[in-house]
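Spelled out from the first residue to the last, the chains are:
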Amino acid sequence: MEKLINLQLLEKLYNKNCTSNKGFKYAYGTAGFRYNADVLNTVMFTTGILSVLRSIYLQNKTIGIMITASHNPPQDNGVKIVEPMGEMLDQSWESIATDLANSASNSYNDFITYLNHLIKDKGIDLIDTSNGIGSVIVGRDSRESGPRLLETVLDAVYCFQHDSTERVSKILDAGILTTPQLHYLVYKTNVAKTLEKNEIGIGCYFDDFTRAWLDLCELYGFSTEHLKFALTIDAANGVGGFQMEKMISLLFTSCKTTVDGGNSTNISIVNNDWQKPNLLNNKCGADYVKTNQCLPNGVVSNSKFSTGGENTQKLNCSFDGDADRVIFYYQDNENKSSFHLLDGDRISTLFAKFFQHLLKESGLLDASDNDIKVGVVQTAYANGNSTKYITEVLKMDVSCTPTGVKHLHHEAVEKYDIGIYFEANGHGTIVFSEKIKSLVNNSMSNGNKALKTIEIFTRLINRTVGDAISDMLGVLAVLCILNLTPQDWYNEYSDLPNKLIKVVVPDRTVFKTTNAERQLVSPAGLQGKIDELVSSYGADSRSFVRASGTEDAVRVYAESSTKEMAESLAEKVGQLVSNCCGE
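Owing to the predicted nature of the structure, the values given are computational and were not obtained by experimental measurement.

Asks: Explanation requested: the packing of aromatic side chains in the structure shown.
Replies: Each aromatic ring pair is specified by the distance between its two centres and by the angle formed by the two planes. In total, this model carries 28 aromatic pairs according to the counting rule given. Judged by centre distance (5.5 Å) and plane angle (85°), the rings of Tyr205 and Phe206 are edge-to-face. Summarising the burial analysis for this pair, Tyr205 and Phe206 share the class buried. Residues Phe354 and Phe355 carry aromatic rings whose centres are separated by 5.4 Å and whose planes lie at 70° to one another, so their mutual orientation is edge-to-face. The structure contains a cluster of three or more aromatic residues connected by ring pairs, namely Phe24, Tyr26, Tyr28, Phe33 and Tyr35. Directly above the ring of Tyr490 sits Arg346, whose terminal nitrogen or CZ lies 4.4 Å from the centroid.

Asks: How should the nonpolar core be read in this particular structure?
Replies: Judged by nonpolar contacts, the single largest core of 83 residues is most densely connected at Trp213, Phe319, Phe328, Phe351, Phe355, Phe457 and Met472. For this core, the element with the highest residue contribution is helix H15 (residues 468-481), accounting for eleven residues.

Asks: Please explain the pairing of strand S19 (residues 542-547) as it appears in this structure.
Replies: It is a general feature of regular strands that their side chains alternate between the two faces of the sheet. Among the six residues of S19, five are classified as buried, and the element is accordingly described as predominantly covered. Pairing analysis gives six bridges linking S19 to strand S20 (residues 553-559), with the strands arranged antiparallel. Within S20, the position partnered with Arg542 by the bridge is Glu559.

Asks: How should the sheet that holds S20 be read in this particular structure?
Replies: Two strands in a sheet stick together by hydrogen bonds in their backbones, pointing the same way (parallel) or opposite ways (antiparallel). Taken together, three strands build an open sheet; the order of strands is S16-S20-S19 and the sheet is antiparallel. Looking along the sheet, the strands with just one partner apiece sit at the ends: strand S16 (498-504) and S19. Recorded for the sheet is a direction-independent mean angle of 15° between the axes of neighbouring strands.

Asks: Looking at this model, I keep getting lost on the pairing of strand S7 (residues 267-270). Mind explaining?
Replies: Burial of S7 is two-sided: the residues Ile267 and Ile269 facing one way and the residues Ser268 and Val270 facing the other way are all buried. With four bridges connecting them, strand S6 (residues 229-234) and S7 associate as parallel partners. For Thr232, the partnering residue across the bridge sits in S7 and is Ser268.

Asks: Can you help me understand unusual backbone geometry in this one?
Replies: It is generally the case that most residues other than glycine have a negative phi and that most peptide bonds are trans. Note that the residue after Ser522, namely Pro523, is joined by a cis bond; omega there is 5°. Its identity as a non-glycine residue notwithstanding, Lys283 has a phi of 55°, on the positive side. Inspection of the secondary structure assignment puts Lys283 in the loop between S7 and helix H9 (286-292). The phi torsion at Glu517 lies on the positive side, around 70°, for a residue other than glycine.

Asks: Would you take a moment to explain the sheet that holds strand S15 (residues 428-432) for this structure?
Replies: An order of S13-S12-S14-S15 is seen for the four strands of this open sheet, with the pairing classed as mixed. The sheet is open, and its two edges are formed by strand S13 (397-400) and S15, each paired on a single side. Neighbouring strand axes in the sheet, compared pairwise and without regard to direction, differ in orientation by 20° on average. The pairing of strand S12 (residues 374-378) with S13 spans four bridges and is classified as parallel. Bridged to Gln378 within S13 is Cys400. In the packing of helix H10 (residues 344-362) onto the sheet, the strands contacted are S12, strand S14 (418-422) and S15, and the crossing angle to S14 comes to about 165°. Together, S12, S13, S14 and S15 form the strand contacts of helix H12 (residues 405-415), whose direction differs from that of S14 by roughly 165°.

Asks: I'm lost on the pattern of salt bridges in this one. Help?
Replies: Any two side chains of opposite charge can pair if their charged atoms end up close together. Under the criterion given, the structure shown has 23 salt bridges. With a shortest N-O distance of 2.9 Å, Lys353 and Glu492 are connected by a salt bridge. Placement of the pair is Lys353 in helix H10 and Glu492 in the loop between helix H16 (486-490) and S16, with a sequence separation of 139 residues. We classify Lys353 as partly exposed; its relative accessible area is 25%. Between Lys437 and Glu434 there is a salt bridge; the shortest N-O distance is 3.5 Å. Here Glu434 and Lys437 lie together in helix H13 (residues 434-443), a separation of three residues that amounts to about one turn. Of the residues examined, Glu434 reaches a relative accessible area of 55% and is grouped as exposed. Connected through shared salt-bridge partners, Arg211, Asp215, Lys452, Glu455 and Arg459 make up one network.

Asks: Would you mind going over the side chain of Asp324 with me for this structure?
Replies: Here Asp324 is to be found in the loop between strand S9 (310-319) and strand S10 (326-331). Dropping the residues within four chain positions of it, Asp324 is found in contact with Ser70, Thr179, Pro180, Gly426, His427, Gly466, Asp467 and Ala468.

Asks: Teacher, can you tell me more about the environment of Glu532 here?
Replies: Here Glu532 lies in helix H17 (residues 526-535). Residue classification places Glu532 among the exposed residues on the basis of a relative accessible area of 59%. With 324 residues separating them in the primary sequence, Glu532 and Asp208 have C-alpha atoms 53 Å apart.

Asks: What is the right way to look at the side chain of Ser70 in this model?
Replies: Take Ser70: it is sitting in the loop between strand S2 (63-67) and strand S3 (76-82). The class of Ser70 is buried, set by a relative accessible area of 3%. Look past the residues within four positions of Ser70 in its chain and what remains in contact with it is Arg34, Asp141, Arg143, Asn281, Asp320, Gly321, Asp322 and Asp324.

Asks: Help me understand the packing of helix H1 (residues 7-17) against helix H4 (residues 108-121) in this model?
Replies: The geometry of a pair of packed helices is captured by two quantities: the angle between their axes and the separation between those axes. Two elements in contact, H1 and H4, have axes separated by 11 Å at closest approach and are oriented at 135°. Judged by the inter-axis angle, H1 sits oblique to H4. The interaxial crossing formed by H1 with H4 has right-handed handedness. Contact with H1, carried on its side by Leu7, Leu10, Glu11 and Tyr14, involves Tyr108, Phe111, Ile112 and Leu115 of H4 and no other residues of that element. For the contact of H1 with H4, the per-class residue count stands at seven nonpolar, no polar and one charged.

What counts, and at which threshold
- Residues numbered from 1 in each chain as written.
- Predicted model: local features only at pLDDT ≥ 70, side-chain atom pairs only at ≥ 80, totals over all residues.
- Heavy atoms only, no water.
- Phe/Tyr/Trp six-rings, centres within 6.5 Å; stacked < 30°, edge-to-face > 60°.
- Buried < 20%, exposed > 50% of the residue type's maximum accessible area, 1.4 Å probe, protein only.
- Lys NZ or Arg CZ within 6 Å of the ring centre and 35° of its normal.
- Core = buried A, V, L, I, M, F, W, Y, C linked by side-chain atoms within 4.5 Å.
- Helix = DSSP H or I, 4+ residues; strand = E, 2+ residues; numbered from the N terminus.
- Pairing = 2+ DSSP bridges.
- Axes fitted to C-alpha atoms, helices over the stretch in contact; angles between N-to-C directions.
- Contact = heavy atoms within 4.5 Å.
- Salt bridge = Lys/Arg side-chain N within 4 Å of Asp/Glu carboxyl O.
- Parallel < 35°, antiparallel > 145°, perpendicular 65-115°, else oblique.
- Left-handed = near helix turned anticlockwise from the far one by under 90°.
- Nonpolar A, V, L, I, M, F, W, Y, C, P; charged D, E, K, R; others polar.

In structure tokens:
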């Protein structure tokens, strides 16, 4: 290991970065490491080390590091690793990230011991550097702790040296950007096989998605400046607003746009104080709107928007802090009961309806040997009526996976040629197989409009990860093409009333599930009692229990035909859980 890692510098920078939180126990999950920013120096350092090793292990493919805590409050931060094609870290390496961080949290000797074990176990050659020396792109959101944590990541990468003066691992500091932009930049860098800043930069993100949007405008004869509804974007006082302004300058060149909440021809951005980190996700953003079922700060009610003497439909959307989630909504008047949420479930059903329409119009389904598989991937938290709408109205396949975007993405990629997945919180995307891309490209010579539309959508949707900006453009395009108002979209089906509660338990690990987390196998006998209780609430009722990933508690979700019944069912299932634990 001495050939590529400067051990003297490694120990010096370990002492600088990893001694303030001795003994803290870390865990790498779907969102990477995410904690209060004060305890993150150690994992920033070990994540930097691990990312370079991962890059060398993958024959010098570029790896991404994103410093963000998404929808968490301003005092938190986090870090996650991005794989070469923009995917989340390979699941088998999540435990390695955890173990490396915890060894560093214990002592320098434990850290070096585990580091040597990792390098030997994975066969990572740090002597012969002819096959690569590591390549990393790092980005961050707008949190106040970001610059300090970035410095720690850079310290880790700088440990990879031939000697005390020559840094060998390549690193690009991409600056402040959204999480999806970082994922996309990593993907494009590996496709281009270069990390030269003047060749691949964040400009590729804007170029690619702008071109796709403008191609749709040309194909269908609508313009960005004359959408059929006014759009207000709640940027959660995060980096999404900063980046959306850049996109607007390209998409809305003749549109009078405002960023202070004032009226515009068809778009405005509110909660865009990204340079004031204390305002991040404060009474705004996708998680706030979804949880509280109300308008965020800065967004006014009324589903109609007056412009030029005409009434235009009004639609709102909210990003989260790092712009990898988006949800839509509108409110008819000041009465909160008129608030209508268009969450991830409804985004999934909108796209499902759209691609079903396109495939029928394209003629691709007419050839039996094409065998095109299209479907929606959900978790147990998806509203039951959304599932029923997809399977019974659209006659489309639905898969259910455990909670976590990595599970949904994997299922969509492995099972479908067009795989649509969105968690209810608005995090999701659409994946297109190489098979469907080939079928479309080989058939486009006949001038079929639906085929061209599918081809454009393969470029408009961020293939790597859920992306608030890209997904927002996709939704706007579908509404325009299908000539749907926000009300039309909302009225496709009615949500079943539901309730989610938390029950504190002595040990969450005893709650083990199967069937995509919808049934308990442990504690013994509890699932039978839940089934018996649910059956007494009617055919539209269901409930499940799953352990929290971060605290000794379980989440109890319940649905039923009325709000009162859903709340009652959740409460009684929660009591069953408490009784089982002897509470």
